[in-house]
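Remarks on the overall topology
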Amino acid sequence: AHFELARQRRESLCPRRLLRQPCVWAILIGHVGVNYSWYVMLSWMPTFFKGRYDIELAASPAVLCMPYLASWTGGILFARASDFLVARGWRTSRVRKLMQGMGASMNALLLQLAANAESMQSAAFWLSLGSFFGRAQNSGYWVNMVDICPETAGVLMGISNTIGTIPGIVGQP
């Protein structure tokens, strides 16, 4: 309905009124934060393990792949947990905020533990656990685009992903 109405009015599919909404800005800020932490981890992890523990990266593929496997698993499990909570009667906005807050704070805490770990195995464990919890954020900001504006979720996703990728390009350590 929104697309048809926008076409009839010759209005943009992403009207300015959408960008005036605080909830849209919350999604954009969440996306920027998640992408920044993810891109930093991607670029920092090999350097961290090589510099801190003097390991040969090619000889330790399990150490490097565990955070990605944990991240993938976390994304699936937190999505299922979110759906479960909503189905049990929790307000959708409360579930989104819970996932966003828990994912961000646990990721930050566990990355600090990884950075200060005494052994390579401990660092890999904390980094993997941080990546696992970090994916809870996908059940916060990512799906929220469909919650707040289902008619223009694709347009909002394009805008959000473009803005969210900028820190990954310019903000590398």
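Residues numbered from 1 in each chain as written. Predicted model: local features only at pLDDT ≥ 70, side-chain atom pairs only at ≥ 80, totals over all residues. Heavy atoms only, no water.

1. Focus on the packing of aromatic side chains
Keep this limit in mind: Stacked, tilted and edge-to-face are the three classes applied to pairs of Phe, Tyr and Trp rings, where Trp contributes its six-membered ring and a pair requires centres within 6.5 Å; stacked means planes under 30 degrees apart, edge-to-face means over 60, and tilted covers the rest. Exposure categories follow from relative accessible area, calculated using a 1.4 Å probe and restricted to protein chains: below 20% of the type maximum is buried, above 50% is exposed, and the middle band is partly exposed.
Following the criterion strictly, the structure yields 10 aromatic pairs and no others. Aromatic side chains phenylalanine 48 and phenylalanine 49 sit 5.2 Å apart centroid to centroid with 65° between the ring planes, which places their arrangement in the edge-to-face category. A residue is classified by how much of its surface remains accessible, and phenylalanine 48, at 8% relative accessible area, is buried. With 5.7 Å between their ring centres and 45° between their planes, phenylalanine 78 and phenylalanine 133 make a pair best called tilted.

2. Quick word on the layout of surface pockets
What counts is decided by this rule: With a 1 Å grid laid over protein atoms only, a set of points is called a cavity when a 1.4 Å probe fits there but cannot get out and a pocket when it is open yet has protein on both sides within 12 Å along at least five of seven lines; lining residues have an atom within 4 Å of a point. Grid points are joined across faces, edges and corners, and a volume is the space filled by probe spheres set on the points. Per the convention used, a helix needs a DSSP run of H or I reaching at least four residues, while a strand needs a run of E reaching at least two, with both numbered from the N terminus.
In this structure, the largest pocket occupies an estimated 220 Å³ of space. What lines the largest pocket is a set of 13 residues, and nearest its centre among them are Ala26, Arg96, Lys97, Gly140 and Asn144. Residue assignment for the lining of the largest pocket shows that the elements contributing at least two residues are helix H3 (22-53), helix H5 (92-115) and helix H7 (141-148). Tallying contributions element by element places H5 first for the lining of the largest pocket, with 5 residues.

3. Quick word on the environment of arginine 135
To keep it simple, the criterion reads: By definition, residues are in contact when any of their heavy atoms lie within 4.5 Å. We call two N or O atoms a polar contact when they sit within 3.5 Å, provided that within protein one can donate a hydrogen and the other can accept it, with sequence-adjacent residues counted only if both atoms are side-chain atoms.
Mapping arginine 135 onto the fold places it in the loop between helix H6 (120-134) and H7. For arginine 135, a relative accessible area of 13% gives the class buried. Between the alpha carbons of arginine 135 and alanine 70 there is a distance of 9.1 Å; along the sequence they are 65 residues apart. When sequence neighbours within four positions are dropped, the list of residues in contact with arginine 135 reads Val34, Trp38, Ser71, Gly74, Gly75 and Phe78. At 2.9 Å, the side chain of arginine 135 and the side chain of serine 71 are in polar contact.

Interpretation note: all reported values are geometric properties and have no functional meaning in isolation.
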